[in-house]
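Below, each chain spelled out in residue letters.
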Amino acid sequence: NYGRDVFTRVIYGTKYSLSVGVVAVAISCIVGVTLGLIAGYYGGVIEDVILRFCEVFTGIPSILMGVALMTAFGQSIGVLMLAIGLVYSPMYCRTTRAAVLPVRDQEYIEAARVAGVGDLGIMFNHVLPNALSPIIVQVTMGIASAILCASGLSFLGLGVPIPMPEWGAMLSEGREFMRS
């Protein structure tokens, strides 16, 4: 296509695909872990509101939500990262909440509370480091999911703008040359 070296474009496109995956997971991790930490630590009405909000977002398919956000805000790599980050943040919220629930009732949390440490200090200095294991696993799997979602959106023409060599856009461009 246009005399371009496809292998070089695939290698160069790795930069875009990996950067979209890593930044999107970072955005979703920051948003999701913060909401999950608040929901798991406080419980009650706050937990119910946050979890119902997450369930609404989980009920919408990720590719459909990505298409809607990309259509609404325009086609750029930053919007793509933000759209995928927002789509996957409920997953991190639920994982963090589940990891925080057994930790918040430990004795060292009660000792920190008695010592006068505030809620933010307890959440970020005591609860989060001890609930980090499932979040790390989720992050490593989430990067692959974010890359696939970004490639799917680019394949549909809603991802990275056309001249950039992104994997999904390259697959879309190569469709017409498959039979020849």
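What comes next is a walk through the structure. (Residues numbered from 1 in each chain as written. Predicted model: local features only at pLDDT ≥ 70, side-chain atom pairs only at ≥ 80, totals over all residues. Heavy atoms only, no water.)

1. As for the packing of aromatic side chains
In this description, an aromatic ring pair is defined by two values, namely the gap between the centres and the angle between the planes.
1) Next: Counted according to the given criterion, the structure contains three aromatic pairs.
2) Next: For the pair Y12 and Y16, a centre-to-centre distance of 6.0 Å together with 75 degrees between the ring planes defines the contact as edge-to-face. Taken together, the residues span about one helical turn, with Y12 and Y16 both in helix 1 (residues 6-42) at a distance of four residues.
3) Next: Given a relative accessible area of 45%, Y12 falls into the partly exposed group.
4) Next: When the ring of F53 is compared with that of F57, the centres are 4.9 Å apart and the planes differ by 70 degrees; the resulting orientation is edge-to-face. Placement of the pair is F53 and F57 together in helix 2 (residues 44-59), with a separation of four residues, close to one helical turn.
5) Next: Here the guanidinium or amino end of K15 rests over the ring plane of Y16, the centre of that ring lying 5.1 Å away. (Phe/Tyr/Trp six-rings, centres within 6.5 Å; stacked < 30°, edge-to-face > 60°. Helix = DSSP H or I, 4+ residues; strand = E, 2+ residues; numbered from the N terminus. Buried < 20%, exposed > 50% of the residue type's maximum accessible area, 1.4 Å probe, protein only. Lys NZ or Arg CZ within 6 Å of the ring centre and 35° of its normal.)

2. Thoughts on helix 8 (residues 167-174)
1) Next: Looking at helix 8, one finds that the buried residues are G168, A169, M170, S172 and E173.
2) Next: Contacts from the buried residues of helix 8 go to helix 1 and helix 7 (133-155).
3) Next: Of the residues that open helix 8, the one with a side-chain oxygen 2.9 Å from the backbone nitrogen of G168 is E166. (Contact = heavy atoms within 4.5 Å. Polar contact = N/O pair within 3.5 Å; in protein donor to acceptor, adjacent residues only side chain to side chain.)

3. Details of the packing of helix 1 against helix 6 (residues 119-130)
1) Next: Where helix 1 meets helix 6, the closest approach of the two axes is 11 Å, and the angle between their N-to-C directions is 105 degrees. Between helix 1 and helix 6, the interaxial angle falls into the category roughly perpendicular. Residue-level inspection shows V33, L37, I38, Y41 and Y42 of helix 1 in contact with helix 6, the latter providing D119, I122, M123, F124, V127 and L128.
2) Next: Taken together, the residues that form the contact of helix 1 with helix 6 break down as 10 nonpolar, no polar and one charged. (Axes fitted to C-alpha atoms, helices over the stretch in contact; angles between N-to-C directions. Parallel < 35°, antiparallel > 145°, perpendicular 65-115°, else oblique. Nonpolar A, V, L, I, M, F, W, Y, C, P; charged D, E, K, R; others polar.)

4. Comments concerning the environment of D119
1) Next: Residue position: D119 is located in helix 6.
2) Next: Contact partners of D119, with chain neighbours within four places excluded, come to Y41 and Y42.
3) Next: At a separation of 3.2 Å, a polar atom in the side chain of D119 contacts the side chain of Y41.

5. A closer look at the pattern of salt bridges
1) Next: Tallying each qualifying case throughout the model produces five salt bridges.
2) Next: Put simply, R104 and D105 hold a salt bridge, and the shortest N to O gap is 3.9 Å.
3) Next: Residue classification places D105 among the exposed positions, given a relative accessible area of 60%. (Salt bridge = Lys/Arg side-chain N within 4 Å of Asp/Glu carboxyl O.)

These results come straight from atomic positions and should not be treated as a statement about function.
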